[in-house]
Amino acid sequence: MALLDIENLTVKFPTRTGVFVAVDQANLSIEPGQIHGLVGESGAGKSTIGAAIMGLLEKPGYISGGTISLKGKSISGLDKASLQALRGKQISMIFQDPLTSLNPLLTVGDQLVETIQAHLDLTSGQAQQRAIEYLELVRIPEPEVRIDQFPHQFSGGMRQRIVIALALCSEPDVIIADEPTTALDVSIQAQILSLIKELARDKQVGVILITHDMGVIADTTDVVSVMYQGKVVETGTTAQVLGEPNHAYTQSLISAVPRPDEKMHRFPLVSYGGRSHEFNIESLATSWKKVDIDPEKPLFEVSNLTKRFLKKSALLPSKQTFSTAVDGVSFNIQQGEVFGIVGESGSGKSTLARMIAGLYPTDGGHIVFDGQDITNAKDLSDYRRQIQMIFQDPYSSLNPRMRIDAIIGEPAKHHKLLSGKALQHRVDELLEQVGLSAAAGKKYPHEFSGGQRQRISIARALATQPRFLICDEPTSALDVSIQAQILNILKDLQEHLNLTMLFISHDLPVIRQMCDRVGVMQNGIMVEQRETEALFTNPQRAYTQELLSFMPTLRGIKSA
Amino acid sequence: MLTRFCSKWSCLLPERIRTALDSDFMWRLSRSPVAIVSFVVFALLVLSAVFAPWIAPFNPYDPASLDLMNGFTPPATANDFTGQRFLLGSDDQGRDVLSTILYGMRISLFVGFSAVLFAMVLGISLGLIAGYLGGWVDTVIMRIADVQLTFPSILVAMLIFGIAKGVMPAEYRDQMAIWVLIISIGLSDWVQFARVVRGATLVEKGREYVMAAQLIGQPTPIIMWRHILPNVLSPVLVIATISLALAIIAEATLSFLGVGAPPTQPSLGTLIRIGQSFMFSGEWWILLFPACTLLALAFSVNLLGDWLRDTLNPKLR
Amino acid sequence: MNYIFKRVAQSGLVLLVVGLVAFSMFRFMGDPIDNMLGQERTQEDVERLRDELGLDLPFPVQYWHFLSDAVQGNFGVSYRQGRAVSEIIAERIPATLELAAVSAVLAISLGIFLGVFTAIRREGWLANLIMSTSLIGVSLPTFLIGVMLIYFFSVYLGWLPSFGRGEAVQLGFWSTGFLTVSGWQALILPALTLGLYQMTLIMRLVRSEMLEVLRQDYVRFARARGLSERAVNFRHALKNTLVPVITVIGLQLGSIIAFAIITESIFQWPGLGLLFINAIQFVDIPVMAAYLMLISVIFVTINLAVDLLYVVIDPRLREGGK
């Protein structure tokens, strides 16, 4: 008998246009001490399963069929009161964002003690002692002191440790962890995952680990279930599912994961569910105007670039304090090269990109583009015509109140390159080249999926036929199969149009697949700068070595 | 009912309106009887105010039609002296109460709409500027807003009204009273708009589509006008509806206190002020009917505003 | 500490600006000499008064004199009553403060209670009924509530007086209506009128703030840890709701003082509000200016108190801001 058994679970959400089946006849079984991964792309229904187990489904969703049983006893039909008695005591949960999961007005100790006392019959002194033990268990230094501190006094990684302590302190049998490390940096992600792994084994707790990240699955889980459109399409040991996937969807998913260990020319796309759109690079290349290039001369020379932000304002300039976001960074980008910048959040990589894009004024150093110094220049219009940018979040990079044709046409129209019929013609052509139809131009952004939006974003960037493209985390908000498509498109652009790119990402495997050379940033400083392959195989700096060691190994996945 | 109506006639409408009618918004409206009823009531009140000169049985401000003998006629009964009947009775001057209500509503609605429009234009512009430009411009605008917010708007309106009254020569006071009223209510209410628009602008400013526009070098006024403004308007609609109810109430309050609409242009508030003095002597209709009209007006607008807020902010339910 | 100091400095600045407005009203609205001396005046009177008022001095000096007079409670002489403004105000203050205090207690306690209740029992019929009724409450202008209450309790039933303050007892400089039966009877209707509208507003605001908090991750996490409904609602949600609600209550206290003008005018309550509305009608500028200064001091004090309460409740502010 398994610890937690889910049979034929179906969850429905009635909407305006009909009933949406979020989970469709799902079967799962979780053993004590085992980490069971639940992987799938957004909208696959994996978080809904977690909420259904907890009895915390958002309205108007409801369980329409199937059973959930804990240690052989059915819990799916329970009333509110019995469910509440079950929560915490037997099943607990870890949320995604540690910054919002703790009550800001209560001390960490208060929150631990009240949870312990709600479930175990202990005096407050004993509960306090127990709370300190749990903080120690999740490796919070000086637990006796820090127990009386408020959540805002801890860092993000620390807070997630406290969240784990809170989930554990009621001694539950099952913990549901919903994307527990998605909001964290890789270095902290690795620590949190190994903590979860260790605690699950020691305390014999069954863990359901919900994630979209194949790397997390490969490194952490014992058993994995793959979800697609509400259905569990495949379940097996992690080694078996990743190594010998049976289902076509699992195969397509795994083939789309960027490999950390070797560079591939393109992502082999095993398409599933008819979601792939052709990107017509040949058609695009024929109309692209060629620029004479001198391969000897770098397109970009960045020297000693510095940016400071005001941290505390004061009337007297001497009393103002600044934080240095980018500190004396220098690099060159050759014609037709993809230069990558990698770093954790707060390392200054996005600030750097925005300075180069002319969005932030610089506080020091020079940017030279094609022989011309454009640092804080008055008239940037000539430069702006030659650069374009692809943004991180396709849900925020398209103005929701503008039609697609107006969005794509805006840069060309603004630079007075095209107008009227010619502009419309160009927009239609671009839409078809990126794999959408010309009819899409008459629609609004909300009518498209994330991947389609990112294609629209690319079409907008290409409309002015730029020479230089800045990609700021262009795929980090996308599902892995869409990411593979978009990265292939970017590779095409670089190869066929000889576009020069600055590629910014926190994701090391993606960097390895995309870039010719890489710069590693830490706290505003570029610590290392080398050819990509050399950097990955033989990192010089301690920080780079550390970053690489946190990279998911994807052991067990065969290279295609 | 509404959806059926829409689908039947939608083929005649231009595409833009057709997609608007087929939206989630209309779907939600069609499923909320309360919203439909309040909308219909409000629309009827507005229409009867607009067409008052054609609908009202009498022109209460035409001295020729007034007969003091008609004074104090109870509703729907014949006058003892003249035999004249009034649906809702007549007041001390022999004016038809229904007609004074229709004309009074014109003033109330005119002041309400104009004041909200004024507050909206002022608040949206300042909120956009403060939110988008930030820095000291933001600090100055929002400090002023904070300070004004500490002073309740009805008090601010009274003060502005009092100051205007003091500054203006006596002979213009009555003539300009309506405009002074509009400006004082409008000035007392811009803060709500500015705060909401500033907040929404700060959110929108961080979105990447704004960065995409900055990247190609679009000038700031165009970014604010073309990119940000259309995206911050939906909360403005909610605030505007709630503000309309508040403005109508504020106007009525000021007029009731005798510091609003002049006696020559009586609004609903003025009518209630007049009616109050007959409360003790038993002529209840002079007070009751204008009071009910004011309540119906404010209530229907508030219901609409409440529904709009729930609909446009789905997370709030 | 820094935070508190900043707030105090800001409040001082606000008072200076309000003082400037009040002074400008006093100085530039009509000719003070015209206002103070009637038609029969000699050039000598004019000169003497001009000298007395210091009208020939430079503007900042006049403003300084005005401020230092104001701090000492000297606001000049009412144009209409011919008595010192400070004297009139001192006479009227107790009535307004007693009325406001009773209404505020009513509005805040009931408002918070009902707001929390309707937020927690969001689906219940009673909560829905209260919510629908409150919408009528928000649509009912204060003056209509007053008029309706008078009509029902004074005219129709004849139970309670419709105007005045009843018998007041003089305790030193303070005249109170709390010590007589007629004083309490006279207080009921005005206090209800003033409190009801504010109560519905507070209730609706508390409800929406609480609903917002109940959707937060930490509340969902508290539920997921199996804490009791009681602990989730009161320990976690209510405390977080209080932070924004305190601002609202601060503003609402100000509102009560402002709406007292309306209530006092309906019930002929002999307080500051009635004084002010009469001053507007008769353009009695010294009284208007003095009233403005006085309530600004009250509002600024309330706001300062709200800011200090924040520091007590929210640990994030206690360290002087991060």
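Preceding block: the structure.
Remember, it's a predicted structure, so these values are computed and weren't measured experimentally.

A. Region of interest: the overall build of chain C. From N to C terminus, chain C includes 13 helices and two strands. By element, 65% of the accessible surface of chain C is carried by carbon and sulfur atoms, the whole surface being about 14,800 Å². In chain C, which carries 24 positive and 24 negative side-chain charges, the distance between the mean positions of the two groups comes to 19 Å.

B. Spatial organisation of the packing of aromatic side chains. By the definition in use, this model includes 16 aromatic pairs over all chains. With a centroid separation of 5.7 Å and 85° between ring planes, the pair formed by Phe 95 of chain A and Phe 221 of chain C is classed as edge-to-face. Of this pair, Phe 95 of chain A sits in the loop between strand 6 (91–94) and helix 3 (108–119) while Phe 221 of chain C is found in helix 9 (residues 217–224), placing the two residues in two different chains. There is no split in this pair, since Phe 95 of chain A and Phe 221 of chain C are both buried.

C. Quick peek at the pattern of salt bridges. Here the structure, examined in full by the defined rule, presents 26 salt bridges over all chains. Residues Arg 517 of chain A and Glu 337 of chain A are paired through a salt bridge, measuring 2.6 Å at the closest nitrogen-oxygen approach. Within this pair, whereas Arg 517 of chain A is found in strand 19 (residues 517–522), its partner Glu 337 of chain A is found in the loop between strand 12 (321–334) and strand 13 (338–342), the two being separated by 180 residues in sequence. For the pair Arg 517 of chain A and Glu 337 of chain A, a shared accessibility class is recorded, and that class is buried. Connected through shared salt-bridge partners, Glu 114 of chain A together with Arg 225 and Arg 235 of chain C make up one network.

D. The arrangement of the interface of chain B and chain C in detail. The interface is formed by 43 residues belonging to chain B together with 45 residues belonging to chain C. One can count one salt bridge joining chain B with chain C. Close ionic contact of Asp 306 of chain B with Arg 204 of chain C constitutes a salt bridge, the shortest N to O distance being 2.7 Å. Looking at the side of chain B that touches chain C, the elements with two or more residues in it are helix 7 (135–150), helix 8 (153–167), helix 11 (220–256), helix 12 (268–276) and helix 13 (285–312) of chain B. A per-element tally of the side of chain B that touches chain C places helix 13 of chain B first, with ten residues. Here the residues of the side of chain B that touches chain C are counted per class, giving 28 nonpolar, seven polar and eight charged.

E. Main features of the nonpolar core. One finds Leu 155 and Met 158 of chain B together with Phe 143 and Phe 276 of chain C to be the most contacted residues of the largest nonpolar core, which totals 143 residues. The biggest single contributor to this core is helix 11 of chain B, with 16 residues. The contact partners of Phe 276 of chain C, leaving out residues within four places of it in the chain, are Leu 155, Met 158 and Leu 159 of chain B together with Ile 261, Met 288 and Tyr 291 of chain C. Counting residues in hydrophobic clusters, the runner-up holds 72 residues, among them Val 338, Leu 487, Met 514 and Leu 535 of chain A.

F. Quick peek at unusual backbone geometry. Residues and elements named next belong to chain A. Positive phi is not limited to glycine here, since Gln 25 has a value of about 50°. The residue Gln 465 is not glycine, and still its phi comes out positive at about 50°. One can find Gln 465 in the loop between helix 16 (450–462) and strand 17 (468–472). Using a relative accessible area of 14% as the deciding quantity, one classes Gln 465 as buried.

G. Focus on the pairing of strand 18 (residues 500–505) of chain A. Residues and elements named next belong to chain A. The element strand 18 is extensively covered by neighbouring structure, given that six of its six residues are classed as buried. Here strand 18 shows no split at all, with Thr 500, Leu 502 and Ile 504 on one side and Met 501, Phe 503 and Ser 505 on the other all buried. Relative to strand 18, strand 13 is paired through five bridges, and the arrangement is parallel. Bridge pairing links Phe 339 to Leu 502 in strand 18. As judged from the five bridges shared by strand 17 and strand 18, these two strands associate in the parallel manner. Each residue of the ladder has a partner; that of Phe 468, found in strand 18, is Thr 500. Following the backbone out of strand 17, through helix 17 (residues 480–497) and into the adjacent parallel strand 18, one traces a crossover that is right-handed.

H. Region of the structure containing a nonpolar patch on the surface. Residues and elements named next belong to chain B. There is a patch of nonpolar side chains on the surface, built from Leu 47, Val 50, Phe 51, Trp 54 and Ile 55 and spanning about 550 Å² of accessible area. Counting residues per element, the ones that place at least two in the nonpolar patch are helix 4 (33–50) and helix 5 (52–55). By the element assignment, Leu 47 lies in helix 4. Judged by its relative accessible area of 46%, Leu 47 is partly exposed.

I. The arrangement of the packing of helix 14 (residues 404–414) of chain A against helix 16 of chain A in detail. All names here are of chain A. Between helix 14 and helix 16, the least distance of the axes is 7 Å, while the angle of their chain directions is 35°. Of the residues in helix 16, those in contact with Ile 404, Ile 407, Ile 408 and Pro 411 of helix 14 are Ile 456, Ala 459 and Arg 460. Its residues assigned to classes, the contact of helix 14 with helix 16 shows six nonpolar, no polar and one charged.

J. Quick look at the sheet that holds strand 19 of chain A. Residue and element names in this part refer to chain A. As summarised here, the arrangement of the six strands in space is 16-17-18-13-19-20, forming an open sheet in which the pairing is mixed. The two strands at the open ends of the sheet, each matched to only one other strand, are strand 16 (387–390) and strand 20 (525–531). Recorded for the sheet is a direction-independent mean angle of 15° between the axes of neighbouring strands. Sheet topology note: the strand 13/strand 19 ladder contains four bridges and is parallel. Directly across from Val 342, in strand 19, lies its bridge partner Val 520. Lying over the sheet, helix 20 (residues 542–549) contacts strand 19 and strand 20, oriented at roughly 100° with respect to strand 19.

K. View of the sheet that holds strand 4 (residues 62–70) of chain A. All names here are of chain A. Read from one edge of the open sheet, four strands run 2-1-4-5, paired in antiparallel fashion. Looking at strand neighbours, the two that pair on one side only are strand 2 (18–30) and strand 5 (73–74), the edges of this open sheet. Of the strands in this sheet, strand 1 (4–15), strand 2 and strand 4 touch helix 1 (residues 46–54), which is tilted by about 105° from strand 1.

L. Fine view of the interface of chain B and chain A. Counting residues at the interface gives 20 residues for chain B and 24 residues for chain A. Of the roughly 2,000 Å² buried where chain B meets chain A, counting both sides, 56% is carbon and sulfur surface. Together, Glu 208, Leu 215 and Ile 216 of chain B form the three largest contributors to the area buried by chain B at its contact with chain A, with a combined 37%. For the pair chain B and chain A, the interface holds one salt bridge. Between Glu 410 of chain A and Arg 226 of chain B there is a salt bridge, with the nearest N and O atoms lying 3.4 Å from each other. Along the contact surface separating chain B from chain A lie 13 residue pairs in polar contact (both at pLDDT 80 or more). Elements with a minimum of two residues in the side of chain B that touches chain A: helix 3 (24–30), helix 10 (208–215) and helix 11 of chain B.

What counts and how
Residues numbered from 1 in each chain as written. Chains lettered and ligands numbered in written order. Predicted model: local features only at pLDDT ≥ 70, side-chain atom pairs only at ≥ 80, totals over all residues. Heavy atoms only, no water. Helix = DSSP H or I, 4+ residues; strand = E, 2+ residues; numbered from the N terminus. Areas by Shrake-Rupley, 256 points an atom, 1.4 Å probe, with all protein chains shown as cover. Lys, Arg positive; Asp, Glu negative; His and termini not counted. Charge placed at Lys NZ, Arg CZ, Asp CG, Glu CD. Phe/Tyr/Trp six-rings, centres within 6.5 Å; stacked < 30°, edge-to-face > 60°. Buried < 20%, exposed > 50% of the residue type's maximum accessible area, 1.4 Å probe, protein only. Salt bridge = Lys/Arg side-chain N within 4 Å of Asp/Glu carboxyl O. Contact = heavy atoms within 4.5 Å. Nonpolar A, V, L, I, M, F, W, Y, C, P; charged D, E, K, R; others polar. Core = buried A, V, L, I, M, F, W, Y, C linked by side-chain atoms within 4.5 Å. Pairing = 2+ DSSP bridges. Right-handed = clockwise from strand over helix to strand, strands pointing away. Patch = residues over 30% accessible without salt bridge, like charges linked within 9 Å, V, L, I, M, F, W, Y side chains within 5 Å. Axes fitted to C-alpha atoms, helices over the stretch in contact; angles between N-to-C directions. Buried area = accessible area lost by both parts, 1.4 Å probe. Polar contact = N/O pair within 3.5 Å; in protein donor to acceptor, adjacent residues only side chain to side chain.

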